[in-house]
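Descriptive structure summary
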Amino acid sequence: MENTQEIVRKKRALSCIQPTGIPTLGNYLGALRNWVDLQDELECFFAVADLHAITVRQEPAKLRQHTYEMFALLMAIGLDPEKSLLFVQSQVPTHTELSWLLSCNTQFGELSRMTQFKDKSQKHADNINLGLFAYPTLMAADILLYQPEFVPVGADQKQHCELTRDIATRFNGQYGQTFTVPEPYIMKTGARVRSLQEPTKKMSKSDENQNSFISLQDDKDTIIRKFKRAVTDSEACVRYAEGKDGINNLMEIYAAVTDKSLEAIEAEFAGRGYGDFKLAVGEAVAAELAPIQERFATLMKDKAQLDALMKVGAERAYLVSRRTVEKAKKRMGFLLTK
Ligand code: TRP
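To start, this report covers the structure provided alongside it. (Residues numbered from 1 in each chain as written. Predicted model: local features only at pLDDT ≥ 70, side-chain atom pairs only at ≥ 80, totals over all residues. Heavy atoms only, no water.)

Focus: the pattern of salt bridges
To be explicit about the condition: In what follows, salt bridge is the name for a side-chain nitrogen of Lys or Arg lying within 4 Å of a carboxyl oxygen of Asp or Glu. Secondary structure elements are taken from DSSP: a helix is a run of H or I of four residues or more, a strand is a run of E of two residues or more, and numbering for both begins at the N terminus. A simple rule labels every residue: compare its accessible area, found with a 1.4 Å probe on the protein chains alone, to the largest value its type can have, and call it buried under 20%, exposed over 50%, or partly exposed in between.
Under the definition given, this model contains 17 salt bridges. Between K83 and D40 there is a salt bridge whose closest N-O contact spans 3.2 Å. Of this pair, K83 sits in the loop between α3 (60-76) and β3 (85-88) while D40 is found in helix α1 (residues 25-41), placing the two residues 43 residues apart along the sequence. Of the residues examined, K83 reaches a relative accessible area of 44% and is grouped as partly exposed. You can call D40 partly exposed: its relative accessible area is 49%. For K260, the salt bridge is made with E268, and the minimal N-O distance between the two is 3.0 Å. Looking at K260, the relative accessible area reads 33%, which means it is partly exposed. A single network of salt bridges, built from pairs that share partners, joins R9, R12, E43 and E149.

Dropping the structure here:
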């Protein structure tokens, strides 16, 4: 029998990640891993946001290397270029083009209210450049170009998504229906992974203490060593409770990689010490990351293949996004080449 459901267009999702070095276990469990599951339900667009990366100073050789790494990593975690459109933002010129059109429809006051701008201009006081300020209009362009219904992001990007909705709604009102107004899609299962050394803080790769985070490239011994040194408490009982931030964090990580419930984990380690538990968490994480690391290493060995995959992605992304830019330009009164 014919499946009539297939004819209905799948809803679209778009998200991007900046190429700022190998992500942590926190980035993986909190966001990236969920993208893999979205691929079957939705028509997905995923990009490496290299143009966003230059809002803070980048060494060219590092930017190049990090862009390859992030693109390879997206595939290594299971994003499939046959199912989803994977591309590098700077290879698709419509992003900067639409960004200008949107800039002229975004207010200084709106951009001034962005908390990320305030934070970053404090952190990089010597380089408060125009791009850092305009960052959200480039992000709005990334999104609106592909007319997605959903934007899967972490909570820190919610404000930028709200601004994107405001820009799209206002543009549609002023020039006529042009953009789909997208919804932020805050992941339901995203684990909030915290620092192994200061478990009240988010796990971050910019932390000076290497023991506080797991990099997706850490080998098994390193992973086990870091978990062994993780800060816990003196109760010596594996249970999830207020005030046990260190153990709660380890339990959440273990739950996320093994799919076990917190109750099942408490039962599994009843009467056993933290040493046993930390070893089990380290082993489970190492086992989860091993196949990703293997695929990543294989992909990184063949830059020509990565270049070719990027090219296919960029061409397809251009075809989809060009339609939106042309529509926007026409509505605004620009003459298109005939
Ligand atoms: N600003 C996002 C971040 O740093 C990355 C990003 C750029 C993005 N363009 C996007 C995310 C479009 C979602 C949609 O995490």
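Notes on unusual backbone geometry
Non-glycine residue A236 carries a positive phi angle of around 55°. Relative to the helices and strands, A236 is located in the loop between α9 (220-228) and α10 (245-258).

Examining helix α12 (residues 274-300)
Put simply, the rule reads: The span you would expect from a helix comes to 1.5 Å times its residue count less one. Bending is quantified residue by residue as the angle between axes fitted to the seven-residue window ending at that residue and the seven-residue window starting at it.
With 27 residues, α12 extends 37 Å from end C-alpha to end C-alpha; this agrees with the ideal 39 Å at 1.5 Å per step. Along its length, α12 shows its largest kink, about 30°, at L289, and proline P291 lies within four residues downstream of that point.

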